[in-house]
Amino acid sequence: DAGITQSPRHKVTETGTPVTLRCHQTENHRYMYWYRQDPGHGLRLIHYSYGVKDTDKGEVSDGYSVSRSKTEDFLLTLESATSSQTSVYFCAISVVGSVNTGELFFGEGSRLTVL
Amino acid sequence: AQTVTQSQPEMSVQEAETVTLSCTYDTSESDYYLFWYKQPPSRQMILVIRQEAYKQQNATENRFSVNFQKAAKSFSLKISDSQLGDAAMYFCAYRSFTGNQFYFGTGTSLTVIP
């Protein structure tokens, strides 16, 4: 258990409204990620962070922004939600060190429905 | 970017039998990591097994083992003595040795038939 909490776990919203998903970790790991999961596409990287205020885009970053003002929190924001952003969103952390091989540990996912 | 391909969208296996899930990847790197993740209906992503590319020996975790063919860029997962609890979506993933991005396949949905 890597101590990852996502909130909210479920959300239904309307097109054009802003949405923020929160990822919280308890173990001060440096690398954090946001993925979306869609049928037939697997998991696709939206944004990732390698430290406080250090973020970078993934392969499907259009329409999303992120912020990381504290090590433990990584926020994903949809400024104006669209129906194409209906998905399950996963936060993940990478545990890097000499003992392990840096696999990803995932949160429980947040299901977002945009009507 | 590296690509990971899982060519079997769905697979089924009889309980207690063996099944193999396929994964191929494309990379120009020599050092990297490969992973298999399981996603049961609960949606939680669970690491099943990992393989370091510099290790020739195939990784094994209880009933789960891999067949890692580096030259062929193939990384298949074998599940022996399949159990009902093995029913899930399985994802293959790649991570370079020095990078911090992970690349996932599109998944294989495994059904276990009682």
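Preceding this paragraph is the structure being described.
Reading the values: the criteria
Residues numbered from 1 in each chain as written. Chains lettered and ligands numbered in written order. Predicted model: local features only at pLDDT ≥ 70, side-chain atom pairs only at ≥ 80, totals over all residues. Heavy atoms only, no water. Salt bridge = Lys/Arg side-chain N within 4 Å of Asp/Glu carboxyl O. Buried < 20%, exposed > 50% of the residue type's maximum accessible area, 1.4 Å probe, protein only. Core = buried A, V, L, I, M, F, W, Y, C linked by side-chain atoms within 4.5 Å. Helix = DSSP H or I, 4+ residues; strand = E, 2+ residues; numbered from the N terminus. Contact = heavy atoms within 4.5 Å. Buried area = accessible area lost by both parts, 1.4 Å probe. Polar contact = N/O pair within 3.5 Å; in protein donor to acceptor, adjacent residues only side chain to side chain. Pairing = 2+ DSSP bridges. Axes fitted to C-alpha atoms, helices over the stretch in contact; angles between N-to-C directions. Disulfide = S-S within 2.5 Å.

(A) Inspection of the pattern of salt bridges at higher detail. All names here are of chain A. Scanning the model with the defined rule gives nine salt bridges over all chains in all. One salt bridge connects Asp38 with Arg36, and the closest N-O pair in it is separated by 2.8 Å. Exposure class is identical for Asp38 and Arg36. Each is buried. Connected via shared salt-bridge partners are Arg22, Lys70 and Asp73.

(B) Representation of the nonpolar core. Membership of the largest hydrophobic core comes to 26 residues, with the highest contact counts inside it found for Tyr25, Trp36, Phe75, Leu77 and Tyr90 of chain B. At the level of elements, strand E3 (19-21), strand E5 (32-39), strand E6 (46-52), strand E8 (64-69), strand E9 (74-79), strand E10 (88-96) and strand E12 (108-113) of chain B are the ones that each hand at least two residues to this core. Among the elements that make up this core, the one with the highest residue count is E10 of chain B (four residues). Each residue touching Leu77 of chain B, except ones within four places of it in the same chain, is listed here: Val19, Thr20, Leu21, Trp36, Val48, Ile49, Phe64, Ser65, Val66 and Tyr90 of chain B. One finds Ile4, Phe74, Leu76 and Ile93 of chain A within the second-largest nonpolar core, a separate group that totals 20 residues.

(C) How the structure looks around the interface of chain B and chain A. At the interface, 18 residues of chain B touch 26 residues of chain A. Summed over both sides, the interface of chain B with chain A buries roughly 1900 Å², with 52% coming from carbon and sulfur. If you look at where chain B meets chain A, you find one salt bridge. On inspection of chain B and its partner chain A, the count reaches seven residue pairs in polar contact (both at pLDDT 80 or more). Only E5, E6, E10 and strand E11 (102-104) of chain B provide two or more residues apiece to the side of chain B that touches chain A. Take the side of chain B that touches chain A: its biggest share by element is four residues, from E5 of chain B.

(D) Geometry of unusual backbone geometry. Omega for the peptide link from Ser7 of chain A to Pro8 of chain A comes to -10 degrees, which places this bond in the cis form. Along the chain, Pro8 of chain A falls in the loop between strand E1 (4-7) and strand E2 (10-13). Even without a glycine there, the phi angle at Ala16 of chain B is positive, about 80 degrees. Of note, Ala16 of chain B is situated in the loop between strand E2 (10-14) and E3. Of note in this structure, Asp81 of chain B is not a glycine but carries a positive phi near 50 degrees. Relative to the helices and strands, Asp81 of chain B resides in the loop between E9 and E10. Overall, Asp81 of chain B belongs to the partly exposed group, its relative accessible area being 40%.

(E) Molecular detail of the side chain of Gln8 of chain B. All names here are of chain B. Tracing the backbone through its elements, the reader meets Gln8 in the loop between strand E1 (3-5) and E2. Using a relative accessible area of 16% as the deciding quantity, one classes Gln8 as buried. Look past the residues within four positions of Gln8 in its chain and what remains in contact with it is Thr20, Leu21, Ser22, Gly107 and Thr108.

(F) How the structure looks around the sheet that holds strand E8 (residues 73-78) of chain A. Residue and element names in this part refer to chain A. With antiparallel pairing, four strands are arranged side by side in an open sheet as E1-E3-E8-E7. One side of each edge strand has no neighbouring strand; the edge strands of this open sheet are E1 and strand E7 (64-70). Adjacent strand axes in the sheet meet at a mean angle of 20 degrees, parallel and antiparallel pairs treated alike. Two strands pair when backbone bridges link them, and strand E3 (residues 19-25) and E8 are joined in this way by six bridges, in the antiparallel orientation.

(G) Expanded view of the state of the cysteines. Counting across every chain of the model gives two disulfides over all chains. In this model Cys23 of chain A forms its disulfide with Cys91 of chain A; the gap between the sulfur atoms is 1.9 Å. Across the disulfide from Cys23 of chain A to Cys91 of chain A, rotation about the S-S bond amounts to roughly -70 degrees, and the bridge is consequently left-handed. Of this pair, Cys23 of chain A sits in strand E3 while Cys91 of chain A sits in strand E9 (residues 87-94), and the two are 68 residues apart along the sequence. Across the pair, Cys91 of chain A and Cys23 of chain A agree in class, each one buried. Residue Cys23 of chain B pairs covalently with Cys92 of chain B via a disulfide, S to S 2.0 Å. One disulfide, between Cys23 of chain B and Cys92 of chain B, carries an S-S torsion of -70 degrees and so falls in the left-handed class. With Cys23 of chain B in the loop between E3 and strand E4 (24-26) and Cys92 of chain B in strand E10, this residue pair connects regions lying 69 residues apart in the sequence. In this structure Cys23 of chain B comes out as buried when scored by relative accessible area, which is 1%. Given the relative accessible area of 1%, Cys92 of chain B is considered buried.

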